[in-house]
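Descriptive analysis of the structure
For reference, the chains in residue letters:
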Protein chains: 6
Amino acid sequence: MAALKVNNSMTTSSLLLVVLLALWAAPLAVVAGDPDILTDYIVPATANPANITGAFFAYSGLRGALAAQAPENFTVAKASMAEFPALNGQSVSYAVLSYGPGSINPTHTHPRASELLLVLDGALSVGFVDTAGKLFTQDLAAGDVFVFPKGTVHWQCNTGTQPAKALSAFGSAAAGLVSLPATLFGASDIDDVVLAKSFKTDVATIQKLKAGLAPPPKKP
Amino acid sequence: MAALKVNNSMTTSSLLLVVLLALWAAPLAVVAGDPDILTDYIVPATANPANITGAFFAYSGLRGALAAQAPENFTVAKASMAEFPALNGQSVSYAVLSYGPGSINPTHTHPRASELLLVLDGALSVGFVDTAGKLFTQDLAAGDVFVFPKGTVHWQCNTGTQPAKALSAFGSAAAGLVSLPATLFGASDIDDVVLAKSFKTDVATIQKLKAGLAPPPKKP
Amino acid sequence: MAALKVNNSMTTSSLLLVVLLALWAAPLAVVAGDPDILTDYIVPATANPANITGAFFAYSGLRGALAAQAPENFTVAKASMAEFPALNGQSVSYAVLSYGPGSINPTHTHPRASELLLVLDGALSVGFVDTAGKLFTQDLAAGDVFVFPKGTVHWQCNTGTQPAKALSAFGSAAAGLVSLPATLFGASDIDDVVLAKSFKTDVATIQKLKAGLAPPPKKP
Amino acid sequence: MAALKVNNSMTTSSLLLVVLLALWAAPLAVVAGDPDILTDYIVPATANPANITGAFFAYSGLRGALAAQAPENFTVAKASMAEFPALNGQSVSYAVLSYGPGSINPTHTHPRASELLLVLDGALSVGFVDTAGKLFTQDLAAGDVFVFPKGTVHWQCNTGTQPAKALSAFGSAAAGLVSLPATLFGASDIDDVVLAKSFKTDVATIQKLKAGLAPPPKKP
Amino acid sequence: MAALKVNNSMTTSSLLLVVLLALWAAPLAVVAGDPDILTDYIVPATANPANITGAFFAYSGLRGALAAQAPENFTVAKASMAEFPALNGQSVSYAVLSYGPGSINPTHTHPRASELLLVLDGALSVGFVDTAGKLFTQDLAAGDVFVFPKGTVHWQCNTGTQPAKALSAFGSAAAGLVSLPATLFGASDIDDVVLAKSFKTDVATIQKLKAGLAPPPKKP
Amino acid sequence: MAALKVNNSMTTSSLLLVVLLALWAAPLAVVAGDPDILTDYIVPATANPANITGAFFAYSGLRGALAAQAPENFTVAKASMAEFPALNGQSVSYAVLSYGPGSINPTHTHPRASELLLVLDGALSVGFVDTAGKLFTQDLAAGDVFVFPKGTVHWQCNTGTQPAKALSAFGSAAAGLVSLPATLFGASDIDDVVLAKSFKTDVATIQKLKAGLAPPPKKP
């Protein structure tokens, strides 16, 4: 944290003003807290509560992604409310992220949660841009943690020659994902003119980007 | 809303299953509500509460944008907590959006609120992409309202030859803004390789996009 | 923290005390924030999600109120969750308020949201009373914005000879309305003695107020 | 709860529709839950956390009101965050309500919490009006509990010849109080014309109401 | 943070630093507020809203516990959402606690609300342990109030020779209860070895504790 | 609710009743959602926002615990708001749990978040007791995930002969910890008689438990 330089000629009352201004700014930046559900957990409507056992609270679907050899590209395996219904109401979820050498988890946002990434193996270069447009980047080694604030555009990149693996926790059971390449130039197929005007470029560039992000043609 | 076709051969028990499944899905889609502050309003720390008058709760900063002739390009004027401190704790804010003919409010997200847009003058074509990648578009006339869900990528476009004006309300005093062209290819200056890999294109295309979004050179 | 010694003269440490007292007051006045739903939007149970299009997110029901000539009296048109189901979970809604010359939006409260009023046409005199009983009033011109804190008694009055029109945004999809004349002396028909004792007046005065607020007799 | 009559000629599919409509209505009426603070309790900024003892969490200010003989009129003693700072962040508070024979707790609202009233001694007639304008009344004996929903206009009346005493709990440390007689016609001094137009009566009636609610003149 | 040394030569700038450190600590201890439902109250799905009367909002189930002679042991009667459905969505509930001479409300936690206890009759010794392991105890007389922060281990003890009675309010309609003797050593029947290792004792001691907490054998 | 048997003689109306009862139960079990802060992140009051870099959002304090050889006993390393200030307002945190063969993470609760445990190495037996007193246990292998609902008593046990390691994510930046052995019988030093009465045992047994949990005497 930055050292605080106090000019000797600064009067006590002007110091007080600085403190009051800091205080006034504080409510802009305050923790809203983590709300409760009104039961311990939520039993699916199709299940008989009497038949719920410990197995309902367990999920083995991440085993493969954690144990697997590194993939060539970037892949993700999730344990969110969609895959693991017991998370409904518990305000937390996981994803396992696997990065082949040189691969990237492309620029994206999560509309409903911050992401707390932990590097399990290898090394990653990560970054995000805050809503004031300021870029933050960091190089991470195995064991390092990095937090991507909710709603900000962020990415992770494996710039090394070895595979990398990370685990991410989210403060929501359903953080949501907006992949920016796919959302902007992918299958959603936003009008070319809208995109060209948004990105202050020509339609040909938009179409080139769309072509690059199109799914590969299926083999006969 | 879709008409519900019930096949005669559908048994009562299978109908029941449908209903229970709908019920089970419902908690995924539930209103979290609008929380309170613990006072009527928040007096800035630098102000004397005894000096607060009705003027503290009033803001005239939107007058110009509402009265002005249409601009050539897209412009926005805000009445959020930053401009209008009395909004602190009130969970609501405004923006006035002015669109020259053919102009666009480029693709963006708001990390902290849904947007409820009302067309005041002219006509707009609007759209958003949900987190499942589905595109929704709509043509709006003066007097029409459209809601952009929180965190989704959205835009508005004045495709006509007349200027247009809209007002947007947000369910937060500080909705935040992530302009995707500026955040991805603008002054934040994300590494070219990160962007090229994210958007599955070459560095030259990224640099072309960055050049298009760069601020114009200052005149001497 | 160390025990606080206060010197008799106006010293730095007594200034510190002022600041600490301000700090202690701060948690009383803190933003609770705007909570999320766990999906982008909420599809009504009677609708097939696959059939949802952009039209679901649009509402044209305010067109008339916005375009209409000014009414003789005060009238209101709403775009809340009841009229516009897509607002469910989006924490925001609108109302269009039309005031004939000399008309009033009578004293009322909204139990579930603050109101952010924008004068579209004409001029309004507005006011509210906070929970400490302090009155705040303000004269507003076209383009002005005024915020009425959640739960406070407030009103707007068109004191001029021209019609006026305003738009209000609420930080809830269902702000609720308690009209105080109607609730206290209208069709709910609270016992005359309860009202006479509450308002420290006689039953005759209560009955006179009730008569004035009664609906006009239907014509045969 | 009303018995459910099912007509035999009602088809399965129409029953299903009823259920789906009920399901669709459900999200309108859902519990938002009780949020946390991020510490066990909040130590005032002017206090040394090391000096906090059990006494900080105790409050004796209600002893008098609970033990006292019944007053002639209605009186209230509170244990909210203002009187009992340890309640800060605990989302709960109390009030002791004492009613002389024939006295009333006049029509009022609480902007920030529902009220759960328990009759300790005597009998009370209570009522509230919901936001749809529907009146609910009930006669309560000692030991009875009644809930007044947040933001609704409500009152309690001791219609008997014996004194009565009640305790109210609020789901907020700072529920707030809007006394409607005092707010509308008391010291806040809202403009007579605003009130006359709101209540569809003449200025003379407003002035009569104001006179009745004015504080008694101080003795020389 | 390092221990705070205050010496006589403390400069204004170091005082400022103290204040800024206090300010920085403040967001750790901030009120999250009390959220709303989006209706005034919640009608059970099995009831016809048109048939709801004042009786729906009233509950007489505490009359017996409040009027009864003191029991030999500790007993509790609740008015929470389970017993009193109108509390659904109102974020508040009650319990009546009756203590025979020498009896105890054993160590427990409430996962979803703070408890605000009011001594109605007699005297109680109460205590809780915060999450830092610090013990807080207090002796309470009739009319005294004590707040037990959410989630902390707490208890009340009637150490006198007279019966005692208390009322507790909770800032949730469903505070939940984890009785620690019953949960740890009672019918849930946690494995003896898990408990012996947890409590750093031998299995025989665990089995002795379990035997003491077992329900008495039923008579033939 | 009992398992749902649908037989042919069940009438449509009784099926409808089952569905309506399920619907009525639903609001008891609803997601409250994950609230926002009103900024992207919270800069400590002692820091200059302009000096914040990517390093502020990174934390290396878990490296040691993740890389270390297994300990003899159970140990924990945390990345919560206390250790990693950037988590303030982000509603998520981590802990690394290391278990020697035969060791246990003793019975405890977290007052402010659910825990989502992922087994990184080895095998664990885990369990929790819900507020209805029902025990849930499960054996977990490497790669398995288990969710412990907020506020419930839970534990993990390494019953094997190999060390084990796990990572836990919490849906709060400050989940809090109540270790039940330490809180009940440890340094907080609750009165022996309170404990003996709570646990329905004799003071000697309480003192034996306290002795077992006392810290080892310091060497001279």
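Note that the structure is predicted; figures quoted are calculated from it, not measured. (Residues numbered from 1 in each chain as written. Chains lettered and ligands numbered in written order. Predicted model: local features only at pLDDT ≥ 70, side-chain atom pairs only at ≥ 80, totals over all residues. Heavy atoms only, no water.)

**Remarks on the interface of chain A and chain F**
With 73 residues of chain A in contact, the opposing surface of chain F contributes 78 residues. The contact between chain A and chain F buries some 5800 Å² in all, and 59% of this surface belongs to carbon and sulfur atoms. If you look at where chain A meets chain F, you find two salt bridges. In this structure, D144 of chain A and R63 of chain F form a salt bridge, with 2.5 Å as the shortest nitrogen-oxygen distance. Going through the elements one at a time, β1 (58–59), α2 (63–67), β3 (93–99), β5 (115–121), β7 (135–140), β8 (145–148) and β10 (164–170) of chain A are the ones with two or more residues in the side of chain A that touches chain F. Each residue belonging to the side of chain A that touches chain F can be placed in one class, and the counts come to 44 nonpolar, 20 polar and nine charged. For β8 of chain A and strand β1 (residues 58–59) of chain F, the ladder comprises two bridges, and the chain directions are antiparallel. Across the sheet, V145 of chain A pairs through a bridge with Y59 of chain F, a residue of β1 of chain F. (Contact = heavy atoms within 4.5 Å. Buried area = accessible area lost by both parts, 1.4 Å probe. Salt bridge = Lys/Arg side-chain N within 4 Å of Asp/Glu carboxyl O. Helix = DSSP H or I, 4+ residues; strand = E, 2+ residues; numbered from the N terminus. Nonpolar A, V, L, I, M, F, W, Y, C, P; charged D, E, K, R; others polar. Pairing = 2+ DSSP bridges.)

**Comments concerning the domain arrangement of chain A**
Here the domain parsing of chain A yields domain 1 (61–176) and domain 2 (184–213). The centre of domain 1 of chain A, based on its C-alpha atoms, is set 27 Å off from the matching centre of domain 2 of chain A. (Domains from an automatic or database assignment.)

**A short note on the sheet that holds strand β2 (residues 74–79) of chain C**
Read from one edge to the other, the open sheet built from six strands follows the order β1(B)-β8(C)-β5(C)-β10(C)-β3(C)-β2(C), with strand pairing classed as antiparallel. Two strands bound the open sheet, and with one partner strand each, they are β1 (58–59) of chain B together with β2 of chain C. Across seven bridges, the pairing between strand β3 (residues 93–99) of chain C and strand β10 (residues 164–170) of chain C is antiparallel. Across the sheet, the residue bridging to V96 of chain C is L167 of chain C, located in β10 of chain C.

**A closer look at the nonpolar core**
By size, the foremost hydrophobic cluster in this structure holds 92 residues, and its most contacted members are F57 and Y94 of chain D together with F57 and Y94 of chain E. Of all hydrophobic cores here, the second largest spans 90 residues; its members include L117 of chain B together with L62, A65 and A166 of chain C. (Core = buried A, V, L, I, M, F, W, Y, C linked by side-chain atoms within 4.5 Å. Buried < 20%, exposed > 50% of the residue type's maximum accessible area, 1.4 Å probe, protein only.)

**Side note on the UniProt feature "binding site: oxalate" (unreviewed entry) in chain A**
Residue and element names in this part refer to chain A. In the numbering used here, UniProt assigns the feature "binding site: oxalate" (unreviewed entry) to N105, H110 and E115. Inspection of the secondary structure puts N105 in strand β4 (residues 104–109). In this structure N105 touches F74, L97, Y99, W155 and Q156, once residues within four positions along its chain are discounted. Structurally, H110 can be placed in the loop between β4 and β5. (UniProt positions renumbered as here; feature names shortened; annotations may be inferred.)

**Quick word on the environment of S125 of chain D**
All names here are of chain D. Looking at the element boundaries, S125 is found in strand β6 (residues 124–129). C-alpha separation for the pair S125 and E72, spaced 53 residues apart in sequence, amounts to 18 Å. Filtering out sequence-adjacent residues up to four positions away, S125 remains in contact with Q138, D139, W155, Q156, C157 and T159. There is a polar contact of 2.8 Å between the side chain of S125 and the side chain of D139. (Polar contact = N/O pair within 3.5 Å; in protein donor to acceptor, adjacent residues only side chain to side chain.)

**A short note on the pairing of strand β7 (residues 135–140) of chain F**
Residue and element names in this part refer to chain F. Inspection of the sheet shows strand β6 (residues 124–129) paired to β7 by six bridges, in the antiparallel sense. Residue pairing for β7: L124 is matched across the bridge by L140. The turn joining β6 and β7, which pair antiparallel and follow one another in sequence, is formed by five residues; a positive phi near 85° is taken by G133.

**Some points on the environment of Q156 of chain D**
Residues and elements named next belong to chain D. Tracing the backbone through its elements, the reader meets Q156 in strand β9 (residues 153–157). Aside from chain neighbours lying at most four places away, what touches Q156 is L97, Y99, I104, N105, H108, E115, L117, L124, S125, V126 and F148. Within the structure, Q156 has its side chain in polar contact with the side chain of Y99 (distance 2.7 Å).

**With respect to the sheet that holds strand β2 (residues 74–79) of chain E**
With antiparallel pairing, the six strands of this open sheet are ordered in space as β1(D)-β8(E)-β5(E)-β10(E)-β3(E)-β2(E). Only two strands of the sheet have a single partner each, and these edge strands are β1 (58–59) of chain D together with β2 of chain E. Pairing of strand β5 (residues 115–121) of chain E with strand β8 (residues 145–148) of chain E involves four bridges; the strand directions are antiparallel. Each bridged residue has a counterpart across the sheet, and for L118 of chain E the counterpart in β8 of chain E is V145 of chain E.

**Observations concerning the relation of the copies chain A and chain F**
By a simple turn and slide, chain A fits onto chain F: the slide is 0.0 Å along the axis, the RMSD is 0.1 Å, and the turn is 180°. When the rotation and shift are considered jointly, the pair of chain copies conforms to a two-fold rotation axis. Relative to the rotation axis, the closest C-alpha in chain A is found at G171 of chain A, a distance of 2.2 Å. Most of the interface of chain A is mirrored in chain F: 100% of its interface residues are interface residues there too. (Least-squares fit on C-alpha atoms with pLDDT ≥ 70 in both.)

**Side note on the packing of aromatic side chains**
Overall, the coordinates contain 84 aromatic pairs over all chains when judged by the stated rule. Arranged with centres 4.9 Å apart and planes meeting at 90°, the rings of F57 of chain B and F128 of chain C form a pair that is edge-to-face. Of this pair, F57 of chain B sits in the loop between α1 (12–25) and β1 while F128 of chain C is found in strand β6 (residues 124–129), placing the two residues in two different chains. Owing to a relative accessible area of 0%, F57 of chain B belongs among the buried residues under this scheme. Ring geometry for Y59 of chain C against F84 of chain C: centres 5.3 Å apart, planes inclined by 15°, an arrangement best described as stacked. Of the two residues, Y59 of chain C is situated in strand β1 (residues 58–59) and F84 of chain C in the loop between β2 and β3; the sequence distance between them amounts to 25 residues. (Phe/Tyr/Trp six-rings, centres within 6.5 Å; stacked < 30°, edge-to-face > 60°.)

**Quick notes on the packing of helix α5 (residues 203–213) of chain E against helix α5 (residues 203–213) of chain F**
The interhelical angle for the contact between α5 of chain E and α5 of chain F, taken along N-to-C directions, is 140°, at an axis separation of 12 Å. The angle between α5 of chain E and α5 of chain F falls in the class oblique. In this structure, α5 of chain E crosses over α5 of chain F, and the sense of that crossing is left-handed. Packed against α5 of chain E, whose contacting residues are T205, K208 and L209 of chain E, the element α5 of chain F presents T205, K208 and L209 of chain F at the interface. A per-class count over the contact of α5 of chain E with α5 of chain F returns two nonpolar, two polar and two charged. (Axes fitted to C-alpha atoms, helices over the stretch in contact; angles between N-to-C directions. Parallel < 35°, antiparallel > 145°, perpendicular 65-115°, else oblique. Left-handed = near helix turned anticlockwise from the far one by under 90°.)

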